[in-house]
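Understanding the architecture of this molecule
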Amino acid sequence: MSDKIQAGLELIAVINTEHLTPQELRKILHYLITKDWNLIGKIIDAAIEDKLIERGEKTYRIIPEVSGFEFRKPRVRSTKERGVCMLCGKQISLCYYVDIMSRTYGPFGSTCIRKVRLME
Ligand SMILES: [Zn+2]
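Residues numbered from 1 in each chain as written. Predicted model: local features only at pLDDT ≥ 70, side-chain atom pairs only at ≥ 80, totals over all residues. Heavy atoms only, no water.

1. Concerning the overall build of the protein chain
Selection criterion: The helix and strand labels rest on DSSP assignments: H or I over at least four residues marks a helix, E over at least two residues marks a strand, and numbering proceeds from the N terminus. Burial status follows relative accessibility: with a 1.4 Å probe on protein chains alone, a residue under 20% of its type maximum counts as buried, one over 50% as exposed, and anything between as partly exposed. Contact criterion: two residues are considered in contact whenever any of their non-hydrogen atoms come within 4.5 Å of each other.
Across its full length, the protein chain carries four helices and six strands. For the protein chain, the sequential pattern of α-helices and β-strands runs α-β-α-α-β-β-β-β-β-α. Seen through its principal axes, the protein chain has C-alpha atoms that stretch 40 × 25 × 25 Å. The buried share of the protein chain, taken over its 120 residues, is 43%. Of the contacts made within the protein chain by residues no fewer than 6 positions apart, 46% connect residues no fewer than 24 positions apart.

Pasting the structure below:
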């Protein structure tokens, strides 16, 4: 399995919401994992196959608790430092980082970290 698909599955397993539209899920993967839409499709197919998500009528239901996938909560930390948000490209003075398994994502501003559904 490609490393990006693995990273995508780990990310989906810890997304902090129960329902996402296909567009929302694709956007989160696009922000964080890969700009390759074809690969994003493969990640979503793999997530459905692994029962991390279930295709509903209009949304995907995120179901990490019933999957065999090893589930670990992401660790969110923040540091006061100057940075550039990886989502919106704005200058930020409080940087949020998210650790999921062995990967770190960020920095994010406080609005954008909620946009990617990694923090309430
Ligand atoms: Zn931002």
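2. Details of the sheet that holds strand β6 (residues 103-108)
The strands that make up a sheet pair up through hydrogen bonds in the backbone, lying either parallel or antiparallel. Inclusion rule: Here the rule is simple: two strands pair whenever DSSP picks up at least two bridges between them. Axes here mean lines fitted to C-alpha atoms, for a helix over just the part in contact, with angles spanning 0 to 180 degrees between N-to-C directions.
Strand order across the open sheet formed by three strands is β4-β5-β6, with antiparallel pairing between neighbours. Each having just a single partner strand, β4 (75-84) and β6 make up the two edges of the open sheet. Ignoring which end each strand starts from, the neighbouring axes of this sheet average 25 degrees apart. Pairing analysis gives eight bridges linking β4 to strand β5 (residues 91-100), with the strands arranged antiparallel. What sits directly across from S78, in β5, is Y96. In the packing of helix α1 (residues 3-14) onto the sheet, contacts are made with β5 and β6, and the angle to β6 comes to roughly 65 degrees.

3. Comments concerning the confidence of the model for the protein chain
Note the cut-off: Confidence per residue, as judged by the predictor, is encoded in pLDDT with a range of 0 to 100.
Per-residue pLDDT for the protein chain averages 88, and the proportion of residues at 70 or more is 91%. When mean pLDDT is compared element by element in the protein chain, helix α3 (residues 37-49) scores highest at 96, while helix α4 (residues 110-115) scores lowest at 89.

4. With respect to the coordination of the zinc ion
Here is the rule: Counted as donors are N, O and S atoms no farther than 2.8 Å from the metal, or 3.2 Å for Na, K and Ca; water is not among the atoms, and sites may therefore look incomplete.
Within the protein, the zinc ion binds to C85 (SG), C88 (SG) and C112 (SG); these donor distances fall in the range 2.2 to 2.3 Å. Mapped onto the sequence, the donors of the zinc ion take the spacing C-x2-C-x23-C. C85 sits in the buried class, given a relative accessible area of 3%.

5. Comments concerning unusual backbone geometry
For the bond running from G106 to P107, omega is 0 degrees, close enough to zero to count as cis. Mapped onto the secondary structure, P107 falls in strand β6. The backbone of M101 sits at a positive phi, close to 50 degrees, despite the residue not being glycine. When you line up the elements, M101 lands in the loop between β5 and β6.

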